[in-house]
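Chain by chain, the residues:
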Amino acid sequence: MIAHDLKLTFRNLKRNKLYSALSISGFAVGFAVCIIIALYTYNEFTIDHCYPDYDRITRVIDAKSNNCNLDYNLNAILREKYPEVEQACPVMLLGGLDLTVKTDKHFARFKGMLSTTNDFYKMFSIRVVKQSGSLPFEGMQRP
């Protein structure tokens, strides 16, 4: 029975070539778009799940400019005025800044830098490879 149905299907595909090509390509494009939308949605809903307590971390953005590069002084204001905020750290991505660091025999090139405070390492579980003091940004003050 299945062999007979497959034989009829291929016979109809040969007979109606244009219709068959349009329906198969339409199905393939629709299925590919469905997979892309599903992958995008999955990526958006699972971002930053690698950090402990990821559900308690919130990003504050400026709604007018749709930008998250807020003033560093907002950090202290959030802690003082809102008791729900346990920790706060400003994070600014400096995309146009490239840095080359020379170690003993090697060079390391960094494209884009991240500007933050020591509280960043309390909130996120990012391991510091090497540091000169007890805190990564010890002695650095924001003007």
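A brief look at the structure comes next.

Rules and cut-offs
- Residues numbered from 1 in each chain as written.
- Predicted model: local features only at pLDDT ≥ 70, side-chain atom pairs only at ≥ 80, totals over all residues.
- Heavy atoms only, no water.
- Phe/Tyr/Trp six-rings, centres within 6.5 Å; stacked < 30°, edge-to-face > 60°.
- Helix = DSSP H or I, 4+ residues; strand = E, 2+ residues; numbered from the N terminus.
- Buried < 20%, exposed > 50% of the residue type's maximum accessible area, 1.4 Å probe, protein only.
- Contact = heavy atoms within 4.5 Å.

Turning our attention to the packing of aromatic side chains. Enumeration according to the criterion identifies 2 aromatic pairs in this entry. Ring geometry for Phe-27 and Phe-31: centres 6.0 Å apart, planes at 15°, overall stacked. Of this pair, Phe-27 and Phe-31 are both found in helix α2 (residues 17-45), 4 residues apart, which corresponds to roughly one turn of the helix. With relative accessibility at 48%, the residue Phe-31 sits in the partly exposed group. Ring centres 4.7 Å apart and planes at 40° place the aromatic pair Phe-120 and Phe-124 in the tilted group. With relative accessibility at 8%, the residue Phe-120 sits in the buried group. On the accessibility criterion, Phe-124 (13% relative accessible area) is buried.

Let's shift gears to the side chain of Asn-75. For Asn-75, the location among the structural elements is in helix α3 (residues 73-81). Excluding residues within four positions of it along the chain, Asn-75 makes contact with Ala-88, Cys-89 and Pro-90.

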